[in-house]
Amino acid sequence: MAKNQNEEYIIHGQTAASVNEYNVAMALDHYKLDYEYQYFFGLARIKGFQIIDFLVKTSPKPTPLNVQGTYWHTGRYAREEQIKVAALNSRMRKLWAEMVHVWENEC
């Protein structure tokens with residue numbers, strides 16, 4: 001991971017959505033944790049579709065990890081986020097660990 005010529009942060013060949021996501025990716029790399037960045041869950045434009053920031057390949061189950069920015073994941077957006085997380089955790093209960101959140105101030 002590094003900045004490209006356009007001064008964008010790159011994670012696994014993709015432009016990072018935020019510097020916070022880049023910082024989390026650096027930490028995951030530092031601890032040699034394998035992960036998929038921007039994991040698409042479900043079908044686009046179908047109810048329940050979401051993009052998980054990181055799907056970390058932990059044992060015995062993979063762990064979905066989202067980086068939570070204060071603006072987008074609090075206030076009026078918080079309820080929608082809670083519903084999405086609950087649905088994901090319920091649907092993937094036997095296959096994945098529960099979603100982990102890393103907040104902006106922790107990045």
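Student: Talk me through the pattern of salt bridges; I want residue IDs and the actual numbers.
Tutor: Two side chains that carry opposite charge are able to pair once their charged atoms sit near each other. Applying the stated criterion across every chain yields a total of two salt bridges. Between E36 and K57 there is a salt bridge, with the nearest N and O atoms lying 3.7 Å from each other. On the criterion of sequence distance, the pair formed by E36 in strand 4 (residues 35–41) and K57 in the loop between strand 5 (50–56) and strand 6 (63–68) is long-range, its members being 21 residues apart. Residue classification places K57 among the partly exposed residues on the basis of a relative accessible area of 44%. Taken together, the shared-partner salt bridges connect D34, E36 and K57 into one network.

Student: Just give me the short version of the environment of V67, but keep the residues and values in it.
Tutor: One can find V67 in strand 6. As a C-alpha pair, V67 and E106 span 39 residues in sequence and 9.4 Å in three-dimensional space.

Student: Hey, could you go over the confidence of the model for the protein chain for me, with residue numbers and the actual values?
Tutor: Across the protein chain, the average pLDDT comes to 87, with 83% of residues at or above 70. For the protein chain, the element scoring lowest by mean pLDDT is strand 1 (residues 2–3), at 61; helix 1 (residues 19–30) scores highest, at 96.

Conventions used here
- Each residue is numbered by its place in its chain's sequence as written, counting from 1.
- Selection of residues for local features in this predicted model requires a pLDDT of at least 70, selection of side-chain atom pairs for listing and counting requires 80 or more, and totals for whole chains, interfaces and linings are taken over all residues.
- As a rule here, side-chain values cover all heavy atoms of the structure and leave hydrogens and water aside.
- Definition used for salt bridges: Asp or Glu carboxyl oxygen within 4 Å of a side-chain nitrogen of Lys or Arg.
- Secondary structure elements are taken from DSSP: a helix is a run of H or I of four residues or more, a strand is a run of E of two residues or more, and numbering for both begins at the N terminus.
- With a 1.4 Å probe rolled over the protein chains alone, any residue whose accessible area is under 20% of its type maximum counts as buried; one over 50% counts as exposed, and the rest are partly exposed.
- Confidence of the predictor at the level of single residues is given by pLDDT, which spans 0 to 100.

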